[in-house]
Each structure stands twice: as C-alpha cells, then as structure tokens.
Amino acid sequence: MSDAHELSTQVRRVLDAAAKTAIDRAGLPGTPDRLLESTDGINTLLTLLTGSPGLRQLLRTRLAPEIDTEPAAGLLSSDPEAANRAAVRVRNVLAEARRAHRREQRARRRAGRPDAEQRRIGRFEHRIAELRAGRDRLEGQLATMRDENQTLRGENQDLRATIDNLDGEVEQLRRHLDVAYARLERVQAERDAAVTPDRPTENEPRATIGEELSLNVRVLGGGTEIGGSAVLVSAGGTRLLVDAGTRPHGIDESTLAPEHIGVLVDEPPDAILVTHAHNDHAGWVPALVNRYPGIPVIASTATCDLLGTMWADSAKVMARKADSGESWDGGPLPPYQQSDVDAAVDALSDLSVGRRRRVKDLEIEFFNAGHIIGATGVVITAGPERVVISGDVSMPGQLSVGGLELPDSALGADLLLLESTYAGAGRLPLARRWSSSSPPTPNGSSVRAVAFWFRRSHWDARRRSR
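The following refers to the structure shown. Here the residue numbering is sequential within each chain, running from 1 through the sequence in written order. Residue-level local features of this predicted model are given only where pLDDT is at least 70; pairs of side-chain atoms are given and counted only at 80 or more, and the full residue set underlies all totals for whole chains, interfaces and linings. To get the side-chain values, take all heavy atoms of the structure and skip hydrogens and water.

### Remarks on the overall build of the protein chain
Here comes step 1: Numbering of helices and strands runs from the N terminus; a helix is a DSSP stretch of H or I covering at least four residues, while a strand is a stretch of E covering at least two. For the protein chain, the count of helices and strands is 14 helices and 12 strands.
Here comes step 2: With a 1.4 Å probe rolled over the protein chains alone, any residue whose accessible area is under 20% of its type maximum counts as buried; one over 50% counts as exposed, and the rest are partly exposed. Taken over 466 residues, the protein chain has a buried fraction of 41%.
Here comes step 3: Contacts were defined at the residue level, with two residues in contact if any of their heavy atoms lie within 4.5 Å. Long-range contacts, defined as pairs at least 24 residues apart, comprise 65% of the intrachain contacts of the protein chain with a sequence gap of at least 6.
Here comes step 4: Reported accessibility uses the Shrake-Rupley method at a 1.4 Å probe radius. Residues are deemed covered only where the shown protein chains occlude them. Entry remark: accessible area of the protein chain is about 25700 Å², with carbon and sulfur atoms responsible for 52%.

Next comes the structure, spelled out in structure tokens:
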C-alpha cells in the first residue's frame, strides 16, 4: 500500500497534478504514480508546492473549482504561510499513518506470539511429549527384557532337562559300577577259592535221559507260547533255572510270569542262568531274586552289563501302569520295583564264553548264540551226560555281533533244546548242524533234538501267510 492512500482525495488530486506538471516542465524523473508511492516522493512534491508560487498559481487555475477543503486548498494558496501550514498537515497525516501502520504490525506480531499462559501450556505439552517418549523407550526396553527373560526361562528348562538326563546317566553308571565291583569281588573270591577242574572226574555220577539219566529237564515257560521262557534243569540235588522271562501281553503277576514258575515255590533253584538280555528271557528274574534272596544270577559279561538297564526300564513301566491303572490288574504294587532291580544287579555273576563253572553237582559253559550282543546258549553237564539249551540263536550273525559258535562240548550232547522261531518256514539248519556234526553219545545213541516253542513257530507261519 502507498503512502498517498492515507491522504484525502483532494490532497491526492493536488499532488498528482503537481507531479505531472513537475515531470512535464521541470523534467523531474519518474512517473506520477512512482512519486506518490513513497513518502520521499510526496515530500518532494510538497517542497515544490511550498517553494514555487507559480506552480501553486498554475494548479489553482486548473483545479480551483474542484479543490475546496483543507489542507488541499491550502497547498494551492497564494499565501506562502498558508501553503507551508497545509504541507505540515499533510506530512503529519503521513507520519501518523506510518505510526499506525507500525502499531498494527507490532500488534500482529504480538498476536502471533503466545502469551504467558500459552507459553506455560506449551512448556507442559513439551514436557508431556518428552515423558511419553521416555515411557515408550522404557516400554520397548521392558519388552526386550521380557523376551530375554522368556529366552532365559527356556534355556533354564533345557538346562534342567539336561541335568536330569545327566543325573539319570550318572545313576546308570553308578549301577554299572556297582555291578563291576560286585563282579570283581566274586571273581576274587572264586580265584581265592581255586576254580574247580575243567572236566568232571570219572568218579562223578553219570546222568541219564528219561529212565537212564538222573538229569531232568522241564520246560516251565515258553514251550507253547511267545515269551515267558524258563527251563528247569536238575540232577542229583542241584537245580538250575535257565532263563526267567515275562510274557508280553501279561496284565498281572500271574500272566506276566512264566506259566509254570510256581513249581519253584517249594524248592527254589540253586542258580539262575540268563541266556540274553531280552524281557522274554530275563524279565522275571528280579521277582525271583526278591522271592529267593541270595540266589546267584549267572550270565555272560555283556549280558550282565545290559540287564541292569533293561530291568530298571521294566520296573519304571510297571510302576507307571500300576499308578495309572493302564492295562494293569496286579494290585497296588508291581511284581518288582527298583529296589528289587538293585538286588538282582547285585546278584549278577558273569561267566565268560568258553569258561566252565561248577554249581554244586552240575557244570555250566556258555557259547556265543549270535542273537544279540552277549547272547549265549548253555551246555549243562552232569557227569558224562550233557544237555544243550540254545537260547535264541542266529547262525549268520549281524553287523554288531558274530553268529553262532558251537563249542566241542555242545557236540554229541545227550539232549538239545532248540528254539524254533522259524521252524514253520522250514528254517531249522541249527538242528541239522547239530545232528550232522554230533557223534554218538557215550550211551551209543544219537543226540535227541527237542525243538520247543513249537506254537511260536506256528504263529510266525500264520502271520507270514496273511
């Protein structure tokens, strides 16, 4: 906005006419509009009017009828004093307009600036924003810490599980160590007592089969079903139990134990021989050790190492089923517990394959059967007569264990009890091998091979035909 707009219309008319005349006659630079836009241009025109009576006279002639109010009329007056007074009034109007303009600008600037209350509110809002930002940072840190805490909880659980597993392994190692110490003590005791001769003397009584032998063999379990294997061999006053397994589908003590194990109630065996560490051949041994404390359990070295673990697992499974009632009708307690397993482990006595040991009137010798690690058959000798119980056998062997290895003492035996798992498929090469390699017995008769577990072989044949 130009300063001339603050002046009255007649004053602007006088100044515009003065500007045009000065530009035309005096050669004043610029244009009328440019002169009227600024205070300096207006002051220049006022100076020309107050200092030039001729200019005032010329403008009165042109504008006199139209200019009749002050201070416009004074600017055209012939009286120099009146002209100066009019110029002063115009300059005062311009000055007052400038002051009003500055006041307005200051008011606008002041209006644009917040007052004290607004500044205080602004400070509070700024502080609140800072606090919210701090809260957001802390919440982020808290979320991170929660995630880390959850991760640490998971790691702690994994560590506890690892510790529990290590505790179990340490307990298992402790049991193995107990077995090893007990075995070492027995070996030392046997060494101190001087081991008996390898072969019986001619003065020992001869055993006979049937009516001719005092040696007696009775199948107490596994003869007509799968599992629960148990064979009682007796001669003179000595009774040996070969294997004592559990039956796989038993739901109580009577159906888990070998079918005819009750014959041992009146007269317990002098020792238990275990052919290998499978439940169907050895799972009932802890129950017998519990019933007959102090009875020795004889097995190969590898079988002794495996039995403790197998029995402990069986005790856990039976205890869990007894607690939950799952497939269990045996009463409040299982047939044996971990304490019975520990007692059975303490009763273990290892006998290396090929070595012989006398148990009262009978002599025993293990041979490799090839079924699993540590699996053996056993030759039991009473005087000049021998009985061979094969256990579970594998002639070709496996990747982890060699096959069947028949010792000379097994050839020409008076009686062979042979497992017949695959008899239904015509796979009994073991019996043929015994028969073809066995010379006549001292009685002049050939070896008698009895393939029991015959129902088991029929069951396998039926399963394959389906």
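### Details of the sheet that holds strand 5 (residues 297–299)
Here comes step 1: Pairing is mixed in the open sheet, where 6 strands are placed in the order 1-2-3-4-5-6. Each having just a single partner strand, strand 1 (216–221) and strand 6 (348–350) make up the two edges of the open sheet. Geometrically, the sheet is characterised by an average inter-axis angle of 25 degrees between neighbouring strands, direction not taken into account.
Here comes step 2: Any two strands with at least two DSSP-identified bridges between them are counted as paired. Of the pairings in the sheet, the one linking strand 2 (residues 230–235) to strand 3 (residues 238–242) comprises 5 bridges and is antiparallel in character. Within the sheet, the bridge partner assigned to S234 lies in strand 3 and is R239.
Here comes step 3: Together, strand 5 and strand 6 form the strand contacts of helix 12 (residues 338–347), whose direction differs from that of strand 6 by roughly 30 degrees. Fitting a line to C-alpha atoms yields each axis, with helices limited to the stretch in contact; the angle taken between N-to-C directions then spans 0 to 180 degrees.

### Overview of a positive patch on the surface
Here comes step 1: A surface patch of positive charge is lined by R98, R102, R106, R109, R110, R113, R119 and R123.
Here comes step 2: Of all elements in the fold, only helix 6 (80–112) and helix 7 (116–193) reach the threshold of two or more residues within the positive patch.
Here comes step 3: Top element by residues in the positive patch is helix 6. It accounts for 5 residues.
Here comes step 4: Note that R98 resides in helix 6.
Here comes step 5: Given a relative accessible area of 31%, R98 falls into the partly exposed group. Distance thresholds for patches are 9 Å for like charges and 5 Å for nonpolar side chains (Val, Leu, Ile, Met, Phe, Trp, Tyr), applied to residues having over 30% relative accessible area and no salt bridge. For this document, the term salt bridge refers to a Lys or Arg side-chain nitrogen within 4 Å of an Asp or Glu carboxyl oxygen. Charge counting follows a simple rule: Lys and Arg are positive, Asp and Glu are negative, and His as well as the terminal groups are ignored. Just so you know, the charge point we use is NZ for Lys, CZ for Arg, CG for Asp and CD for Glu.

### Quick word on the pattern of salt bridges
Here comes step 1: Under the counting rule described, the total for this entry stands at 13 salt bridges.
Here comes step 2: With a shortest N-O distance of 2.6 Å, R108 and E104 are connected by a salt bridge. Here the residue R108 and the residue E104 both occupy positions in helix 6, the gap between them amounting to 4 residues, near one helical turn.
Here comes step 3: Judged by its relative accessible area of 42%, E104 is partly exposed.
Here comes step 4: One salt bridge connects D136 with R135, and the closest N-O pair in it is separated by 3.4 Å.
Here comes step 5: For D136, a relative accessible area of 43% gives the class partly exposed.
Here comes step 6: Taken together, the shared-partner salt bridges connect E96, R99 and R103 into one network.

### Brief notes about the nonpolar core
Here comes step 1: Ranked by internal contacts, the top residues of the largest apolar core, which has 36 residues, are L241, V285 and W311.
Here comes step 2: If you list the elements that add at least two residues to this core, you get strand 2, helix 10 (285–291), strand 5, helix 11 (301–324) and helix 12.
Here comes step 3: Of all the elements, helix 11 adds the most residues to this core, at 7 residues.
Here comes step 4: Each residue touching W311, except ones within four places of it in the same chain, is listed here: A282, G283, V285, P286, Y336, V341, A344, V345 and L348.
Here comes step 5: In plain words, nonpolar cores are sets of buried Ala, Val, Leu, Ile, Met, Phe, Trp, Tyr and Cys residues tied together by side-chain atoms within 4.5 Å. Ranked by size, the runner-up nonpolar core spans 25 residues in total, among them A17, L46, L59 and L75.

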